[in-house]
Amino acid sequence: MKQVYLSLGSNVGDKAKNLAAAITELNKLESTKVVKHSKNFETQGVDVPEGTPPFLNVAVELDTELAPVDLLEETQAIEIKLGRTEKNSFAPRTLDIDLLFYGEDIILDEDLTVPHPLLHERYFVLAPLSEIAPDFIHPVMGESVKVLLSALSD
């Protein structure tokens, strides 16, 4: 089993319901178990047009036997199942799921980069993640999640 961390966000419709439904769907995945998740954090979008509704974000820890690319495909299927129609990163969305860490693995693939390349710059990722995994060490940066979050606050 691999310890995996995901970031989930929603800014359309019943955002809390969208996130809860996504967590339920993640727990249904083959050879996968949701271990824990953070509370919901309300944040403003980054690099989005003015007037974009705020997001609710949550971090989720999974144990999974799915390979990284298979997990990516499954999370994208969950996004679609729960109403995501637009893949434009600036568009409002019912659900966005990002794979942050896949154990301590470093993956540089055409379709997937892990650790997520921008997570250390994003409060909306680090604040929820710090709630459930403050001492997890970023395998590229060599810093804990709580240190990365603190660096954003400075």
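In this convention, every chain numbers its residues from 1, walking through the sequence in written order. Selection of residues for local features in this predicted model requires a pLDDT of at least 70, selection of side-chain atom pairs for listing and counting requires 80 or more, and totals for whole chains, interfaces and linings are taken over all residues. Each side-chain value is derived from all of the structure's non-hydrogen atoms; neither hydrogens nor water enter the calculation.

*Asks:* When you look at the environment of Val69 in this model, what are you seeing that I'm missing?
*Replies:* Secondary structure elements are defined from DSSP: runs of H or I of at least 4 residues count as helices, runs of E of at least 2 residues count as strands, and each element is numbered from the N terminus. Within the secondary structure, Val69 is located in helix H2 (residues 68-81). Sequence separation between Val69 and Val4 is 65 residues, and the spatial gap between their C-alpha atoms is 13 Å.

*Asks:* Any chance you could explain the packing of aromatic side chains here in plain terms?
*Replies:* Side-chain rings of Phe, Tyr and Trp, where Trp is taken by its six-membered ring, are said to pair if the distance between their centres is within 6.5 Å; with planes under 30 degrees apart they count as stacked, over 60 as edge-to-face, and otherwise as tilted. The full count for this structure, using the stated rule, is 3 aromatic pairs. Aromatic side chains Tyr5 and Phe101 sit 6.5 Å apart centroid to centroid with 90° between the ring planes, which places their arrangement in the edge-to-face category. Of this pair, Tyr5 sits in strand S1 (residues 2-10) while Phe101 sits in strand S5 (residues 96-102), and the two are 96 residues apart along the sequence. Across the pair, exposure class does not vary: Tyr5 and Phe101 are buried alike. Ring centres 4.6 Å apart and planes at 45° place the aromatic pair Phe101 and Phe136 in the tilted group. Taken together, the positions of Phe101 in strand S5 and Phe136 in the loop between helix H3 (123-132) and helix H4 (145-153) put the pair 35 residues apart, joining distant regions of the chain. Each member of the pair, Phe101 as well as Phe136, carries the same accessibility label: buried. Positioned above the aromatic ring of Phe41, the side-chain terminus of Lys39 is 5.1 Å from the ring centre. To sort residues, take the accessible area from a 1.4 Å probe on protein chains only and compare it with the maximum for the residue type: under 20% means buried, over 50% means exposed, and anything in between is partly exposed. The criterion is that NZ of a Lys, or CZ of an Arg, lies within 6 Å of the ring centre and within 35 degrees of the ring normal, and then a charge sits over that ring.

*Asks:* How should the side chain of Lys15 be read in this particular structure?
*Replies:* By secondary structure assignment, the location of Lys15 is in helix H1 (residues 15-28). Of the side chains with opposite charge, Glu42 comes closest to the buried, unpaired Lys15, at an N-O distance of 4.4 Å. For this analysis, residues touch if any pair of their heavy atoms sits within 4.5 Å. Among residues more than four places away in sequence, those in contact with Lys15 are Ser10, Glu42, Pro54 and Leu56. Positive charges come from Lys and Arg alone, negative charges from Asp and Glu alone, with His and the N- and C-terminal ends not counted. Only one rule defines a salt bridge in this text: a Lys or Arg side-chain nitrogen within 4 Å of an Asp or Glu carboxyl oxygen.

*Asks:* Just to check I follow, could you spell out the pattern of salt bridges for this structure?
*Replies:* Any two side chains of opposite charge can pair, so long as their charged atoms come close to each other. In total, this model carries 5 salt bridges according to the counting rule given. A salt bridge links Glu61 to Lys36; the nearest nitrogen and oxygen atoms lie 3.8 Å apart. Residue Glu61 is found in strand S4 (residues 55-64), and its partner Lys36 is found in strand S2 (residues 32-37); the two are separated by 25 residues along the sequence. For Glu61, a relative accessible area of 6% gives the class buried. The exposure class assigned to Lys36 is partly exposed, which follows from its relative accessible area of 36%. Each of the salt bridges in this network shares a partner with another, and the network as a whole consists of Glu25, Lys28 and Lys81.

*Asks:* Explanation requested: the confidence of the model for the chain in the structure shown.
*Replies:* For residues with low pLDDT, the predicted coordinates do not support detailed interpretation. Known as pLDDT, the predictor's per-residue confidence is scaled from 0 to 100. Per-residue confidence for the chain averages 91 on the pLDDT scale, and 92% of its residues sit at or above 70. Mean pLDDT across the elements of the chain ranges from a minimum in strand S3 (residues 41-43), with 91, to a maximum in S2, with 98.

*Asks:* Help me understand the nonpolar core in this model?
*Replies:* One recurring pattern in soluble globular proteins: nonpolar side chains tend to sit buried together. Of all hydrophobic cores here, the largest spans 24 residues; its most connected members are Leu6, Leu8, Leu26, Val60 and Leu62. Broken down by secondary-structure element, the contributors of at least two residues to this core are S1, H1, S4, H2 and S5. Core analysis: the second largest hydrophobic core is formed by 15 residues, Tyr5, Leu100, Val125 and Ala133 among them. As used in this record, nonpolar core signifies buried Ala, Val, Leu, Ile, Met, Phe, Trp, Tyr and Cys residues forming a set joined through side-chain atoms within 4.5 Å.

*Asks:* Would you mind showing me how to read a nonpolar patch on the surface here?
*Replies:* By definition, no residue in a patch forms a salt bridge, and every one has over 30% relative accessible area; like charges are joined within 9 Å, nonpolar side chains (Val, Leu, Ile, Met, Phe, Trp, Tyr) within 5 Å. Method for areas: the Shrake-Rupley scheme with a 1.4 Å probe, in which residue coverage is limited to the protein chains shown. A contiguous nonpolar patch, built from Ile106, Leu108, Val140 and Met141 and spanning about 420 Å² of accessible area, is present on the exposed surface. Within the secondary structure, Leu108 is located in strand S6 (residues 107-108).

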